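These are the residues of each chain, in order.
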Amino acid sequence: MTKAIFFDRDGVVNRRIVGDYVKTPEQFVFIDDFFELFKFIKNKDYLAILVTNQQGIGKSLMTNQDLAEVHEYMNDELLERTGFAFDEIYFCPDLATNPSSRRKPQPGMFFEAIEKYKIDTSESWTIGDSTSDTEAGKHAGTQTVLLGSHEPNEFTDFIFPDITILTDYFRKNLN
């Protein structure tokens, strides 16, 4: 069976814009240490799947096309800098005030990928920067990592202050 790493986007792949949304490729700024982690997991034969809430679309602050352009830029840069791109991108435009089964912390986007790629969730991970990410990952059956300074919670298996320390952990422990 296939193993995967499910990545949240804002705050994990790129810098989060506090109080706003990444609406254009020019606003998308990679977290530098992400490239090393991404290349490492791809070289370990993990699928790289992006699962991201994008309620900026639901708020009419951006369009599906705007998001597609951001993700095209992201994947082009990843391909150029690591030799790999995300295998799949799932996004949910639903508002937090009107959530669906796809909007994290619900695991709908995860289940879509699990079914499509026949993913072994016991060998898979979710990496996020908020508890809604790890809650969705836990409900989907993956091991979960929370990045940043957080208190332990029932949905999070590991908390790492940054991607560099997570990458070091994976180098020592990921099959």
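It should be noted that the structure appears before, not after, this text.
Residues numbered from 1 in each chain as written. Predicted model: local features only at pLDDT ≥ 70, side-chain atom pairs only at ≥ 80, totals over all residues. Heavy atoms only, no water.

## Describing the environment of Gly19
Then, in step 1: Within the element layout of this structure, Gly19 appears in the loop between β1 (4–7) and α1 (34–43).
Then, in step 2: Remark: the alpha-carbon pair of Gly19 and Asn153, spanning 134 residues in sequence, is separated by 25 Å. (Helix = DSSP H or I, 4+ residues; strand = E, 2+ residues; numbered from the N terminus.)

## Comments concerning the layout of surface pockets
Then, in step 1: In this structure, the largest pocket encloses a volume near 310 Å³.
Then, in step 2: Every residue lining the largest pocket is counted, 17 residues in all, and those nearest its centre are Asp8, Asp10, Arg16, Tyr21 and Asn53.
Then, in step 3: Elements with a contribution of two residues or more to the lining of the largest pocket: β2 (47–53) and α5 (131–140).
Then, in step 4: Residues belonging to the lining of the largest pocket are distributed by class as follows: three nonpolar, six polar and eight charged. (1 Å grid on protein atoms, 1.4 Å probe; cavity = no way out; pocket = protein on both sides within 12 Å on 5 of 7 lines; lining within 4 Å. Points joined across faces, edges and corners; volume = space filled by probe spheres on them. Nonpolar A, V, L, I, M, F, W, Y, C, P; charged D, E, K, R; others polar.)

## Let's talk about α5
Then, in step 1: All buried positions along α5 are accounted for by Asp133, Thr134, Glu135, Ala136, Gly137 and Ala140.
Then, in step 2: Elements that come into contact with the buried residues of α5 comprise α4 (108–117), β4 (125–128) and β5 (143–147).
Then, in step 3: Following α5 by one or two positions, Gly141 has its phi on the positive side, about 100°. (Buried < 20%, exposed > 50% of the residue type's maximum accessible area, 1.4 Å probe, protein only. Contact = heavy atoms within 4.5 Å.)

## Things to note about the packing of aromatic side chains
Then, in step 1: Following the criterion strictly, the structure yields 16 aromatic pairs and no others.
Then, in step 2: Relative to Phe34, the ring of Phe7 lies with its centre 5.4 Å away and its plane at 80°, an arrangement referred to as edge-to-face. With Phe7 in strand β1 and Phe34 in helix α1, this pair connects stretches of sequence that are 27 residues apart.
Then, in step 3: A relative accessible area of 0% places Phe7 in the buried class. (Phe/Tyr/Trp six-rings, centres within 6.5 Å; stacked < 30°, edge-to-face > 60°.)

## A few points about the pairing of β4
Then, in step 1: Burial along β4 is two-sided: Trp125 and Ile127 facing one way and Thr126 and Gly128 facing the other are all buried.
Then, in step 2: The pairing of β4 with β5 spans four bridges and is parallel. Residue pairing for β5: Trp125 is matched across the bridge by Gln143.
Then, in step 3: Crossover β4 to β5 through α5 is right-handed. (Pairing = 2+ DSSP bridges. Right-handed = clockwise from strand over helix to strand, strands pointing away.)

## Concerning the pattern of salt bridges
Then, in step 1: Per the counting criterion, the structure on display carries 10 salt bridges.
Then, in step 2: The residue Glu36 makes a salt bridge to Arg171 at a minimum N-O spacing of 2.7 Å. Of this pair, Glu36 sits in helix α1 while Arg171 is found in helix α6 (residues 163–173), placing the two residues 135 residues apart along the sequence.
Then, in step 3: For Glu36, a relative accessible area of 43% puts it in the partly exposed group.
Then, in step 4: Exposure remark for Arg171: the relative accessible area of 42% places this residue in the partly exposed category.
Then, in step 5: Linking Glu88 and Lys116 is a salt bridge whose minimum nitrogen-to-oxygen distance equals 2.8 Å. With a gap of 28 residues between them, Glu88 in strand β3 (residues 88–92) and Lys116 in helix α4 connect regions that are remote in the sequence.
Then, in step 6: Residue classification places Lys116 among the exposed positions, given a relative accessible area of 52%.
Then, in step 7: Through salt bridges with shared partners, a single network forms among Asp8, Lys104 and Asp133. (Salt bridge = Lys/Arg side-chain N within 4 Å of Asp/Glu carboxyl O.)

## Brief notes about the nonpolar core
Then, in step 1: Ranked by internal contacts, the top residues of the largest apolar core, which has 29 residues, are Phe7, Phe34, Ile41, Phe86, Ile127 and Phe170.
Then, in step 2: Elements that contribute at least two residues to this core include exactly β1, α1, β2, α3 (64–82), β4, β5 and α6.
Then, in step 3: In terms of residue count, α1 provides more of this core than any other element does, six residues in total.
Then, in step 4: One finds Val51, Phe110, Ala113 and Ala136 within the second-largest nonpolar core, a separate group that totals 14 residues. (Core = buried A, V, L, I, M, F, W, Y, C linked by side-chain atoms within 4.5 Å.)

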